[in-house]
Amino acid sequence: MGAPPTRAADRALSRPRRRALAAVAALAALLAAGAAVLVDLGTPAPRPADAPASDFSAGRAYRDVAVIAARPHVAGSPANDQVRAHVEGALRGLGLETDVQDTVAPEAGQLSGAAGDATLARVRNVVARLPGTDPTGRVFLVAHYDSVQSGPGGNDDAAGTATILEVARALAAGPKPRNEIVFVLTDAEEACLCGASAFASSHPLAADGGVVLNLEARGSTGPVIMFETSRNNAALVDVFGRAAPHPVGTSFAVEIYRALPNDTDFTAFLDHRFVGLNSAYIDGGAVYHTPLDTPAVMDRGSLQMHGDNALGLAREFGRTDLTALRAGHDATYFPVPGGLVRYPGWLTLPLALLALVAVGALGWFAVRRGRTTGWGLAAGFGLTLVPLVAAPLAAQLLWAGITTIRPGYAELLDPYRPTWYRLAVVALAATVLLAWYALTRRHFGPAALAFGGLAWLAVLGVLLAAEVPGGAYLASLPALAGALAGLVALATRRDGPWPVVAVTLAGAVAVVILLPTVVLLFPALGMAMGGVAALFAVLLGLAALPVLDLLHPEAGGQRGLVALRARRAGALPAAAAGLAAVVLAAVGLAVDRFDAAHPVPTHLMYALDTNTGQARWLSHEDDPQPWTDRYVDGRVGVADEFPALGDGELRAGPAPAADLPAPKLEVLADTTSASGERTLRLRLIPKRPVRLTSLHVEMSTLGSAGVLSAGVAGVPVEIPVSHRDEGGWWGVVFHAPPPEGVEITLTLDQRGDRVTLRAMDASDGLAGLPGFQARPADVGIVGSHSSEMLAVAHTYEF
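Heads up: these notes are all about the structure in this document. (Residues numbered from 1 in each chain as written. Predicted model: local features only at pLDDT ≥ 70, side-chain atom pairs only at ≥ 80, totals over all residues. Heavy atoms only, no water.)

1. Section: a nonpolar patch on the surface
Thinking step 1. Side chains of V488, W498, V501 and L505 sit close together on the surface and give an oily, nonpolar patch of about 390 Å² of accessible area.
Thinking step 2. In terms of residue count, helix α17 (residues 498–525) provides more of the nonpolar patch than any other element does, 3 residues in total.
Thinking step 3. Positionally, W498 belongs in helix α17. (Patch = residues over 30% accessible without salt bridge, like charges linked within 9 Å, V, L, I, M, F, W, Y side chains within 5 Å. Areas by Shrake-Rupley, 256 points an atom, 1.4 Å probe, with all protein chains shown as cover. Salt bridge = Lys/Arg side-chain N within 4 Å of Asp/Glu carboxyl O. Helix = DSSP H or I, 4+ residues; strand = E, 2+ residues; numbered from the N terminus.)

Next comes the structure, spelled out in structure tokens:
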């Protein structure tokens, strides 16, 4: 397998004459590349309200944010009516043809809720259109104007709604576009995506499909990320790359989001064969869906970025031939300073295989040049698995320790001030990598370990190309760049400048490709999954190993005291990183304390059964905070009493019964066919202002066919076949019910003489309930659709 290495000192890819100077220069180059990446991921300066009329102005848009997010405005509430009136008036004031789509619709996909319940809502979408001069299709700008019940939605989604109003103003003031542009402000997104479902499935303007640009927010700051596309997105991504002023987005994010159960309004449009792009800013997730999601916490730079991109894309899609956008493949793409790299997805596997071949060639050439042996290559490959496993595991253990100290973090997407913890995870990953390298370098040599790191990147690239093609670039391209750099280093004089230049350029490629992923994974997944970011940080470090090697004394050749000093010097980087990890974690704990401005999140509900007169406090907290612990203790199932709350167990405690009316269930018609099918036409009427109502049928009172068909407010609902075998309850949940109630028709395979139905409604707010005491200033409300829910249920038999 070639000549063995003659001296330990000869086992490195480079051996510059002035090692310290080379180390400083190489590290400075990588730091400069990293700084360029971080600047590129930053948000632009918000433009003032007196910016030119052709520009997007965060100052102007923020005025709408302040109006829209003045208070919580859940679908169906008076506050929601006020927001809708503001949005409708703003669009009419621009001279746009504007109407309100008022209808009942099921959610996207129709099935959700407890045990496959059917979910519907009364929605009122605001729709405005800017006619095109010679249209080839329609462009739809979409955001939802409703909020959750637990917060005013300053970011989610007053940001998207205000962005669309400001974009509409800029477009209406300029030249008419070629294609028709439709502005869609949907209702009941937070409840069930029902507004988007109604528009995409039944509005006349949606009949021919088109391009959708959906605007969202899942935090309060950070860059706007284009995180989801329709399939076969190459042409769409090309428009995004050239027309969005701040094109932050990765094909890896699209792959991951497609695999997750998360949904936005964009889902409803995809279900009806639209194409398009979905964008959001996601950092600052601690305020998501909480009372803290106010206009005041919004980063106006993020708002400006939303608007710049939305306006640029609307103009570009407004003049593009939309019939040419359905490319036959997905693109691979990722941000680099100054733009967006993109190439056809069919290149993914060839590039991955090329990287694998290049790394193999590097190993062969390294053996031929006497830098290592075949056994050394195998050892380097095997040993590299250690940091790949140990760093993510260490990151998860670090967070487990931190949440043990501060258990309130368990209810947050991310800490209020997560930067220190994120840096601690990166420092911990660096500690693992550098300690591993210091321990193995002397025995196996820098060349073998560099090969091991690149080999793992190449193998991961091939695996990703097969399973997650949009993410293969993260491993294949750094591996290819590193292998080419290694070949250059082996082919030139090691004591000359070219080996250092080559490995530094390869390291810079790894920084540009992998650093954005490390940065964006933290807010995307939260600290609870910080191990994923740690994994990619280690991959970045492995790609840059030849540069990190310059931090160590020259490999081998030392004896006695000199060798001891060399080993100590080699351990310094790992020790420094370890100390940094401890200090950063400690600073995070000291800085990110719960207080009145950053309260510990808690979850509490109240549920009253009017048949028995018994009430309960309920909470989904696994380890209740002291405030919550006053109300609840053990875990119980509540599906029989409150089937709309789901099958899972909740913490519960006795509560005083409040004097609250149950929803009324009126029989409008009751017929039984000759075959024994019973049809009940009912009206479910809330007797107090509520956010939702539900009606569930007890399956044990039915025959084997269960519920044969159902309709709500004249809308047929899909019934999963599996409901017949699950037992328990099946029913419908209706959001934003009108005061006069909702008509529900059930056709049943009835077994006995009577059928049991459970009616429930839910409002929001626990203040005024007997036994409830207001939270202290430093105790907050968790971002949940059931936070502060007040549910009242009653059983009827017919």
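Back to the write-up after that little detour.
2. A short note on the pattern of salt bridges
Thinking step 1. On inspection of all chains with the given rule, the structure shows 30 salt bridges.
Thinking step 2. Salt-bridge contacts for D81 lead to R124; the nearest nitrogen and oxygen are separated by 3.8 Å. Here D81 is found in helix α3 (residues 78–93), whereas its partner R124 is found in strand β2 (residues 118–130), with 43 residues between them in sequence.
Thinking step 3. One salt bridge in this structure joins R417 and D592, with 2.9 Å as the shortest N-O distance. Residue R417 is located in the loop between α13 (385–405) and α14 (419–444), and its partner D592 is located in the loop between α20 (560–591) and β10 (600–602); the two are separated by 175 residues in the primary sequence.
Thinking step 4. Taking relative accessible area as the criterion, D592 reaches 1% and is therefore assigned buried.
Thinking step 5. In this structure, a network of salt bridges that share partners links the residues D238, R242, E316, R319 and R342. (Buried < 20%, exposed > 50% of the residue type's maximum accessible area, 1.4 Å probe, protein only.)

3. Side note on the sheet that holds strand β21 (residues 742–750)
What links the strands of a sheet is backbone hydrogen bonding, and the strands pair in either a parallel or an antiparallel sense.
Thinking step 1. With antiparallel pairing, the 5 strands of this open sheet are ordered in space as β15-β16-β21-β18-β19. Both edges of this open sheet fall to β15 (664–672) and β19 (715–716), since each of them pairs with a single strand only.
Thinking step 2. One ladder, built from 2 bridges, connects strand β18 (residues 702–712) with β19; its direction is antiparallel. Along β19, the bridge assignment pairs G711 with P716. (Pairing = 2+ DSSP bridges.)

4. So, the state of the cysteines
Thinking step 1. Counted according to the given criterion, the structure contains 1 disulfide.
Thinking step 2. One disulfide bridge connects C192 with C194, the sulfur atoms lying 2.1 Å from each other. An S-S torsion of about -130 degrees defines the bridge between C192 and C194 as left-handed.
Thinking step 3. For C192, a relative accessible area of 3% translates into the label buried. (Disulfide = S-S within 2.5 Å.)

5. Let's talk about helix α7 (residues 234–243)
Thinking step 1. By the criterion of burial, α7 is predominantly enclosed, with 8 of the 10 residues buried.
Thinking step 2. Those residues of α7 that fall on the buried side of the exposure criterion are A234, A235, L236, V237, V239, F240, G241 and A243.

6. Side note on the nonpolar core
Thinking step 1. With 157 residues, the main nonpolar core has L91, L141, F183, L313 and F317 as its most contacted residues.
Thinking step 2. Among the elements that take part in this core, α17 stands out by supplying 13 residues, more than any other.
Thinking step 3. With residues up to four places along the chain from it excluded, the contact list for L91 reads L96, T98, V126, A128, L165, A168 and L185.
Thinking step 4. Ranked by size, the runner-up nonpolar core spans 28 residues in total, among them V697, M699, I719 and L757. (Core = buried A, V, L, I, M, F, W, Y, C linked by side-chain atoms within 4.5 Å. Contact = heavy atoms within 4.5 Å.)

7. Regarding the side chain of T250
Thinking step 1. Structurally, T250 is set in the loop between α7 and α8 (251–259).
Thinking step 2. In this structure T250 comes out as buried when scored by relative accessible area, which is 8%.
Thinking step 3. There is a polar contact of 2.9 Å between the side chain of T250 and the backbone nitrogen of A253.
Thinking step 4. Setting aside anything within four residues of it in sequence, one finds T250 in contact with M226, Y333, F334, P335 and Y473. (Polar contact = N/O pair within 3.5 Å; in protein donor to acceptor, adjacent residues only side chain to side chain.)

Keep in mind these values describe shape, not function.
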